[in-house]
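# Observations on the model geometry
Residues per chain are reported as follows:
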Amino acid sequence: MVDPKIVKNERIRVFKNAARFENNEKIITVCSYHHWIVFDSNQKLSVATRDYGLRIKMMREFHERYNFDCYRDFWSRNPLRIIDAVGGGGMYIQSDDNYSSNVIDLNVMDDPDNDYDLLLNDRKKFLWTKVIPAKYPHLTDENAPAYFSAAIKELDNYNNYVAEIGKIMDTEYGVLDVRSNIPISNPFERLISGYRGIYNTSIDLRRRRGKILDLMQANVALPRKDLTVGSDPAKGCDIHTSFLAHIILSTNDFKEIYWPILKELYDYCDEYDKIAYLFIQGTADRIFDFLQDAPKGHFIMHAEQNDIREYKQKVGSVAAVAGGIKTNTLTFGTVEKNIDELKQLLDDVAYDGAFYASTDKMLTFPRDAKRENLIAVTDYIRNVRL
Amino acid sequence: MQNRSNAKIFEDMQGYENVLMQLDGLDEDKKTDSFLAVVEFLAGGTI
């Protein structure tokens, strides 16, 4: 058995080479998954998400089956035991039948003009007086202390689980992840998913645009303290951030709301020689102009549902691209069709080495992949030499 | 608006302090930070 440290160092070398547009002979596979691991493991979602021992077992088996080089996440998601400990709630909906998790499009701001100001000026008070009572309506003066005490213990258990699975994947398998060393603030994402909901945020983009812009401008996206120049030698990349809420924005909205954060990220990575993994949910059609301004050799851009060839054409001169493997073919195609498509994909987008093989959407539902096809695809890429 | 708790503890930050004082079975040194961490967590996303 090869020493996991050697495996990891080789993966780091290839990962950084691809981001830097340096000579590369291999291709890194990036696993972008969600609940499909539960389906693939023949487990029940509501059980698997609550059993950390089972999660670790499933994660080990999943990795040994597909041997991805890098994961977007080591299944830190769905920490439902903490929600259970506080007595449920959280506006969370989980379905065992279709392997889905969703949250209600929640609006916690009953007095939006003042609530935006409260969020801007006293976030802790906003969370306590606005968000918690809306998300957990069953909490009372009497039951809250016991529920919060239990939830704190479960948060500790969760943090221990996350640390343990991270250590296993690192020390036993030499696998990379793209989690950030460096936190990034993007309040618009939280505004939609946690405070105001899609519907009301969409209205606010017209009626309270100034409040949203104040919120964005008050938050510096990246910390500038204690920074060192150069990419972390122990990781493939230094920063990972996701654009999820951008899909409701027009190009002009994006320019005002996201571009300042993206520009700061560009300048930061250029100045401090960092590597960032940018996951763009949905399509990036409306924001190509902004993506093309990235400093060359610092970004991996993963656009889920774009045609990877068009994506390569648009941003490939400055950024490495990730994605390209069609979940539709993984589900409905034969092994031969998957390999044929993969060969064409590599010819079209991996010619300069600045490519990471991943799926064109997060593996979530049963019809997102078939096991034998995913094994064939990951095996093939592992043995490819450019 | 969805239903929301009408507990008095959520009317202001005094309620926050009152709950903090009543937390049970936790390390005293870490209690303040742990409480804020769990409030942040519960207020955030869970998917």
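Among the nonpolar cores identified, the biggest contains 130 residues, and Phe148, Phe188, Leu291 and Tyr311 of chain A together with Phe35 and Leu42 of chain B are the most heavily contacted of them. Dropping the residues within four chain positions of it, tyrosine 311 of chain A is found in contact with Ile280, Ala284, Phe288, Leu291, Met301, His302, Ala303, Asn306, Gly316 and Val321 of chain A. Core analysis: the next-biggest nonpolar cluster, separate from the first, contains 18 residues, Leu176, Cys237, Ala322 and Ala354 of chain A among them.

Moving on: the packing of aromatic side chains. Residue and element names in this part refer to chain A. Applying the stated criterion to the full structure yields 31 aromatic pairs over all chains. Between tyrosine 33 and tyrosine 71 the ring centres are 6.0 Å apart and the planes differ by 85°, which places this aromatic pair in the edge-to-face class. Of this pair, tyrosine 33 sits in the loop between strand E1 (28–31) and helix H2 (36–40) while tyrosine 71 sits in strand E2 (residues 70–71), and the two are 38 residues apart along the sequence. Like tyrosine 33, the residue tyrosine 71 is buried in the burial classification. Aromatic side chains phenylalanine 62 and tyrosine 66 sit 4.9 Å apart centroid to centroid with 65° between the ring planes, which places their arrangement in the edge-to-face category. Here the residue phenylalanine 62 and the residue tyrosine 66 both occupy positions in helix H4 (residues 52–66), the gap between them amounting to 4 residues, near one helical turn. Residue phenylalanine 62 is classed as buried on the basis of its relative accessible area of 0%. A relative accessible area of 0% places tyrosine 66 in the buried class. These aromatic residues form a ring-pair network of at least three members: Tyr33, Trp36, Phe39, Phe62, Tyr66, Phe68, Tyr71, Phe74 and Tyr99. It is lysine 296 that lies over the ring of phenylalanine 21; its NZ or CZ is 4.7 Å from the centre. Between the NZ or CZ atom of lysine 312 and the centre of the ring of tyrosine 351, over which it lies, the distance is 5.3 Å.

All names here are of chain A. Despite not being glycine, tyrosine 99 has its phi angle at roughly 55°, a positive value. Tracing the chain through its elements places tyrosine 99 in the loop between strand E3 (92–95) and strand E4 (100–103). For tyrosine 99, a relative accessible area of 13% corresponds to the buried category. The phi dihedral of aspartate 273 falls on the positive side, at around 55°, and the residue is not glycine. With respect to the element layout, aspartate 273 can be found in the loop between helix H12 (259–272) and strand E7 (276–280).

As a further point, take the pairing of strand E10 (residues 355–359) of chain A. Residue and element names in this part refer to chain A. The element E10 is largely enclosed, with a buried count of 5 among its 5 residues. Side-chain alternation along E10 places Phe355, Ala357 and Thr359 on one buried face and Tyr356 and Ser358 on a second face that is also buried. Here 2 bridges tie E1 to E10, and the two strands are oriented parallel to one another. Directly across from isoleucine 28, in E10, lies its bridge partner tyrosine 356.

We now examine the interface of chain A and chain B. If you look at the interface, chain A gives 46 residues, while chain B gives 34 residues. When chain A packs against chain B, close to 3,600 Å² is buried across both sides, 69% of that on carbon and sulfur atoms. At the boundary of chain A and chain B, one finds 1 salt bridge. Residue arginine 123 of chain A is joined to glutamate 40 of chain B by a salt bridge in which the shortest nitrogen-to-oxygen separation is 2.9 Å.

The rules behind each value
Within each chain, residue numbers correspond to sequence positions counted from 1 in written order. Working convention: letters from A go to chains and numbers from 1 go to ligands, in the order in which they are written. Local features in this predicted model are restricted to residues of pLDDT 70 or higher, and side-chain atom pairs are both shown and tallied only at a pLDDT of 80 or more, whereas totals for entire chains, interfaces and linings draw on every residue. Values reported for side chains reflect all heavy atoms of the structure, with hydrogen atoms and water molecules removed beforehand. Remark: nonpolar core denotes a set of buried residues (Ala, Val, Leu, Ile, Met, Phe, Trp, Tyr, Cys) joined through side-chain atoms within 4.5 Å. Only protein chains enter the accessibility calculation, which uses a 1.4 Å probe; a residue is then buried when its area is under 20% of its type maximum, exposed when over 50%, and partly exposed in between. In what follows, a contact means two residues having at least one pair of non-hydrogen atoms within 4.5 Å. Here a pair means two rings of Phe, Tyr or Trp (six-membered ring of Trp) with centres within 6.5 Å. Their orientation is stacked below 30 degrees between planes, edge-to-face above 60, and tilted elsewhere. Note on conventions: DSSP H or I runs of at least 4 residues are helices, E runs of at least 2 residues are strands, and numbering of each starts at the N terminus. Charges are assigned to positions over rings by a cutoff of 6 Å between ring centre and Lys NZ or Arg CZ, combined with an angular limit of 35 degrees from the ring normal. Paired strands, as defined in this entry, are two strands with at least two bridges between them according to DSSP. Summed over both partners, the accessible surface that disappears when two parts come together, traced with a 1.4 Å probe, is what is meant by buried area. Should a side-chain nitrogen of Lys or Arg be within 4 Å of a carboxyl oxygen of Asp or Glu, the pair is scored as a salt bridge.

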